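# Per-entry structural report
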Amino acid sequence: MIEVRVRIAALPRRWSTPLRRAPVTLVIIALTGCATLDVSHDRPAIEALLASRGAANLGWQQNGAAASGAAVAELLAKPMTVDNAVRVAMLRSPQLLEVYGQLGLARADVLDAIQVANPHIGVSSLALVGGPGSQLTTGVALPLIDLLTLPSRSRLAHTDYERARYEVAAAILGVSLNVESAWYRHVAAQQVATMRKAVADALRTSADLAQRFYDAGNITLLQLNREKAAASQAGIEAARAAVAARLARLDLNTLIGLSGPATGWAGETVLSLPLATEDDPAELQRLANDNSLDLLAARKGAIVAAGAEAFTRRFRLLGATSVGFD
């Protein structure tokens, strides 16, 4: 380790007084980096990002809270609409818990970046072997690289914290959209299964009637077998549709974080009519380029990477250099 120290011996009073204040100055500089991070702005900032994209008031703030269980039970007592499915996911989704943990890690990185490493305090005693007298020296030193890069590290850490906010908002919005898609797939699969069952029941009735006609001699054996084959095929398709509906329900329950008895909720089985016109793909692409949370997070990440590379290149020769006072 390279240490750059100012050593004070018997100096005139007009010089020794300012230099004796150097340890205090170094400590003050170190403590200026030990700032705190106000986390009370996290939720309003994330909520503003969601509100600007039409996803306000989702209830994600209560994820993992003690009162979330009662809120989930209240929602499950109602028919599982798409809005209720999203709200349950905001309360129970394990993916959101992981994302909140990542935000906490980013917050810890900011706190680490705006602090200076602990000072090194040294004490030494010099004495002549077999001779009179001794000299006691005390000293304090701080890492010079931390002092020089503190503004840059603090700025980049806060930028990276903004990136983490964008990622959390993107994850919340992504969970919301995934749950909506899963809900529509579930309702569509259930609707198809209901339709397939009705067709199978109708063809089974037709096959029973054909059997009576055949017994009465009104149709041939070939016609009877065709009716039975159609009924059997419809029964197979109905069974496949029922399995697909159960799998779609399982996917929805997995996304919203439900298991056990909580999966027995009742829901809607009829989809609304599709829109008359579709959105313009070019306009959707423009909106994505301007407002995509994932792209905003990636741009912040690129800024952090470029800034870290710049000040690393600038201060790479300092290494473990420290500055102190003896």
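Anything mentioned here points back to the structure above.
A short tour of the structure in this document, coming up.

The rules behind the values
- Residues numbered from 1 in each chain as written.
- Predicted model: local features only at pLDDT ≥ 70, side-chain atom pairs only at ≥ 80, totals over all residues.
- Heavy atoms only, no water.
- Helix = DSSP H or I, 4+ residues; strand = E, 2+ residues; numbered from the N terminus.
- Polar contact = N/O pair within 3.5 Å; in protein donor to acceptor, adjacent residues only side chain to side chain.
- Expected span 1.5 Å × (residues − 1).
- Buried < 20%, exposed > 50% of the residue type's maximum accessible area, 1.4 Å probe, protein only.
- Contact = heavy atoms within 4.5 Å.
- Phe/Tyr/Trp six-rings, centres within 6.5 Å; stacked < 30°, edge-to-face > 60°.
- Lys NZ or Arg CZ within 6 Å of the ring centre and 35° of its normal.
- Salt bridge = Lys/Arg side-chain N within 4 Å of Asp/Glu carboxyl O.

Looking now at the side chain of D160. With respect to the helices and strands, D160 occurs in helix α7 (residues 144-215). There is a polar contact of 2.6 Å between the side chain of D160 and the side chain of R163.

Below, the discussion takes up helix α8 (residues 221-256). With 36 residues, α8 ought to run about 52 Å at 1.5 Å a step, and its terminal C-alpha atoms sit 53 Å apart, in line with that. L224, A231, A234, A238, A241, A245, A248, L252, N253 and I256 are the residues of α8 that are buried. Where α8 is buried, its residues touch α5 (82-92) and α7. Just past α8, the residue G257 takes up positive phi, approximately 80 degrees.

What follows covers the environment of V192. By the secondary structure assignment, V192 is in helix α7. Between the C-alpha atom of V192 and that of A242, which follows or precedes it by 50 residues, the distance is 8.4 Å.

Under the defined criterion, the tally for this structure stands at one aromatic pair. Relative to Y184, the ring of W183 has its centre 5.0 Å away and its plane inclined at 80 degrees; by these criteria the two rings are edge-to-face. Positioned above the aromatic ring of W265, the side-chain terminus of R249 is 3.8 Å from the ring centre.

Turning our attention to the pattern of salt bridges. Pairing between side chains becomes possible if they bear opposite charge and their charged atoms approach one another. All chains considered together, the criterion is met by nine salt bridges. We note a salt bridge from E283 to R286, for which the minimum N-O separation is 2.6 Å. With E283 and R286 both in helix α9 (residues 281-291) and three residues apart, this pair spans about one turn of that helix. In this structure E283 comes out as partly exposed when scored by relative accessible area, which is 33%. As a salt-bridge pair, R286 and D290 come within 3.3 Å of each other at their nearest N and O atoms. Residue R286 and its partner D290 are located together in helix α9, separated by four residues, close to a single helical turn. On the basis of relative accessibility, which here comes to 41%, the residue R286 falls in the partly exposed class. Judged by its relative accessible area of 43%, D290 is partly exposed.

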